[in-house]
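Structural description and commentary
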Amino acid sequence: MSMVEALEWMNSMKCLRQICKDDEKFMNTDRNLNLDSNSERVRDNVAKLYVRYMVTSNQLNECYKYIIQPQIRILIKKTVMCMYGRIFELKQILVNEDSSIYTPIITELVFMKILYEKFELKIPEYFREERQLFLNDMDSEIDNIKILYSVKNNNDLNQLQEEISITEEQSVFDSQFISQEVTESNSVNVNEGDIMTYKIPDFNMTELLDEIQEKQNKADMMLRTALNNYEERFNQIYKFIIMDKIQDLLQAYIWIYYKKTKNLPSWPEDPTPMFTNNDTSTLILSNAVLKNISDIYDMLESHEQVPLGGPNIFNTYNWTTEVTEIIAPLIVGFENESTKENKQNDNTVSVEVIQEKSELTKWFTEVFDEYDRFWTVDSVLNEKPKENLIKAIIFAKYKVELRTMAYTTMNENLERLKITRSRDIGIKYVTPKTKKSKFKGSKKKSSKNLPPTLEEILEEFVRNKMLKNSTTTKFDDFFGEVSYSANVLREEPHYYDHPYGLGDLRQIIKEQYVIGLISSDLRSLNQIHFHSSFLIAGPEKSGKSLLINAICTETGSLKIELNFKNLFEYYPDVKKINTLVLKIIMFARAHQPVVIEVDLADIPFYKKIPKDFKMFKPDLMVKLLSKLLQQLKKTERVIVIGKAISPWLVAEKKLTRVFQTILFTVPDYETILLFITDLLMSYSMVREEIPITELTTMMFGYPRQIIADIVAKVMTPGRVLSLANNRLDPKEFIPVMINYPKDPNLCDKYHNWYRKFIPMGKRRRLEMEKK
């Protein structure tokens, strides 16, 4: 790694440290203001922090591409995850302030002199790279299943293998794809370069990135070797020493507990009942024991929890015998109270034992601690693995494992102590009951009742056309212009919702959904709640599938495809639908991240379902989606994405009960203007005085793909050659456009439905009406 790259990374970390300081100041001051009277000030500060985090995360991801040292790249990934979590939190604040999923920040970008290209979130490629081997193996398995299934059904193998060899490609309407007739230009003795212009790839940059990738791979191999060597030394020397220390600590805890209470502690496998489900820092105690709790505040450091017996003792690093002496009587006092008495006791109160900072603050602290401890300018330039950092990683890895082993051993010893003590005092000891697994029992199950294997589910999904080969599509393939006027229009009362452009969809989807798919750690935080479903609504060929494929590509997600025709064919009743839900959940949990795509998701919710669709029992899809979303857990990286064409036809609230957010791929005027300009200017003989404005007005309302088809049919090789003497006239497009009917009120239909029936749209409309 060169000095320039090292300084870029260190400067980015310096900027991040300052952002975190400003963020902490904001959280301690501005967030305590009255939001009604200081709403604009709060939004302004949040928007600036949001932009700064976003830009810095992009800078760090750019550093990741060129840095060779593997431990620095690991630290960058940790840092970026912290930033993504905070970006999501700030985005939610902006959404609440603006009452819209779209939160314009152009004013802040102009004030901070930042180009939008620097701001737009760049999803790093390492998420896809980490899943690439898995996706390749899955593609091979899918291909093999297709071949085997075709043999069973006596299909044409040659035809099938041809289908398999052709990868599904998303059409990207760039200058290379304008006209299919270009290849026929030999008949008029004209070279293709005379008709179209091509972008020359930068081979030097490609070679440089390949060279860096090779060096990174070698450095990764050196790190893995060093980790393996140190792990062997750890197992031979340190493992048993640490194990003995943990056991000594637990034995001391047992003895002090017994000494204070004349009872032996209870260590259940589940968390103790004194903790709430969501926050282990809150302790529920009755007034009978509250009088003894005040001493705890002085005994504990600010970063420690209060472990009340059981596995919770392993959550602290500096457990002291003094704290045990205080806590032990409280535990016994609580355990002696019956559950019924606790429920009926109106005087039971919730006491916050320790006020902790947010979990993301801890993450940032850990990142900066590692940065300060291990990395200086000289050490950054050394590409060899740092042994002291390897030691810290190995100890952290085995800390949890050794504590679990010690807990198991000491729990067995504690059980024997309880039996011995019961015998000494003449009391019969009752062994605690353990929970039995649902799939274990004394009765033998027949093969029919056994749950299906993942291999069987995979074969079924491929056979039923629910699982296909992975695709390669990027968000940059989704052409669209961002809205530069929304910051001004958001204050206008006649704009009920902020008008966003097609280009803004890329950013919204990355923030709201991609971040949740790439990080399981972020999903485990209490403060962050990612949506498990959303709907993309727009006219045909407006890029809905392209966006979903981009999500899958950039997160390395598998895609399960659902449509009501397939459901009717293979799962025609409620019983089979219930079984399918269990299979989808089982398969998705094993292979997450997973995207579940629902085609024509609005039709099952129509007020009046067309006769052509009734025969397919679309209500089966409604039941499947409802049950599926009920089964998904907050921590699971699985998302359901629906595609809709005419959502205004649905029964009012039925659709929004399933899909939590609605996004539109409705073409906007600026995007269409730029798109038509790029299409026509890609022909070398097109002059600058082409009637772009007139053509945009004529074609506004068409999706981009249909516009590309219309242009391709008009701009034949012969017409292109004649442009030098015969200027392009908008009237030439009318005969072709007649074959592509459009609804002039299409945009209004989408937005009026959103304002009338979607909760966030209604909220925004009511707020603006009050103004």
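Before reading further, recall that the structure is shown in the block above.
An account of the accompanying structure is given in this report. (Residues numbered from 1 in each chain as written. Predicted model: local features only at pLDDT ≥ 70, side-chain atom pairs only at ≥ 80, totals over all residues. Heavy atoms only, no water.)

1. Considering the sheet that holds strand β6 (residues 638-644)
Read across the open sheet, the 5 strands follow the order β4-β5-β6-β3-β7; overall the sheet is parallel. In the strand order of this sheet, the two ends are held by β4 (558-562) and β7 (662-664), each with one partner. Pairwise comparison of adjacent strand axes, ignoring direction, gives a mean angle of 25° for this sheet. In this structure, strand β5 (residues 594-598) lies alongside β6, joined through 5 bridges in parallel fashion. Among the inter-strand pairings, V595 is bridged to a residue of β6, identified as I639. The strands touched by helix α31 (residues 746-757) within the sheet are β3 (533-537) and β7, with β7 carrying the most contacts at an inclination of about 160°. (Pairing = 2+ DSSP bridges. Helix = DSSP H or I, 4+ residues; strand = E, 2+ residues; numbered from the N terminus. Axes fitted to C-alpha atoms, helices over the stretch in contact; angles between N-to-C directions. Contact = heavy atoms within 4.5 Å.)

2. Digging into the environment of I577
Structurally, the position occupied by I577 is in helix α22 (residues 574-591). It is 7.8 Å that separates the C-alpha atoms of I577 and K623, two residues lying 46 residues apart in sequence. With near-sequence residues (within four places) excluded, I577 lies in contact with L567, Y571, L620 and L624.

3. Brief notes about the pairing of β4
In terms of burial, β4 is a largely internal element, 5 of the 5 residues being buried. Of the two faces of β4, the one holding L558, I560 and L562 and the one holding K559 and E561 are both buried throughout. As defined by bridge partners, β4 adjoins β5 across 5 bridges and the pair is classed as parallel. By the bridge assignment, I560 is partnered in β5 with I596. (Buried < 20%, exposed > 50% of the residue type's maximum accessible area, 1.4 Å probe, protein only.)

4. Comments concerning the pairing of β6
Taken across its 7 residues, β6 has 7 buried, putting it largely inside the fold. Across 5 bridges, β3 lies against β6 in parallel orientation. Paired with A537 across the bridge in β6 is A644.

5. With respect to the packing of aromatic side chains
Summed over all chains, the structure comprises 21 aromatic pairs. Each ring, one from F564 and one from F616, has its centre 6.3 Å from the other, and the planes form 50°; the classification is tilted. Of the two residues, F564 is situated in helix α21 (residues 564-570) and F616 in the loop between α23 (611-614) and α24 (619-631); the sequence distance between them amounts to 52 residues. For the pair F564 and F616, a shared accessibility class is recorded, and that class is buried. Considering the side-chain rings of W648 and Y750, the 4.9 Å spacing of their centres and the 85° angle between planes classify their relative orientation as edge-to-face. Taken together, the residues W648 in the loop between β6 and α25 (654-658) and Y750 in helix α31 connect sequence positions 102 residues apart. W648 gets classed as partly exposed once you look at its relative accessible area, which sits at 22%. By relative accessible area, which is 0% here, Y750 ends up buried. A connected cluster of aromatic rings, assembled from ring pairs, spans W648, F664, Y750, W753 and Y754. In this structure, R704 is placed above the aromatic ring of F478, and the distance from its NZ or CZ to the ring centre is 5.2 Å. (Phe/Tyr/Trp six-rings, centres within 6.5 Å; stacked < 30°, edge-to-face > 60°. Lys NZ or Arg CZ within 6 Å of the ring centre and 35° of its normal.)

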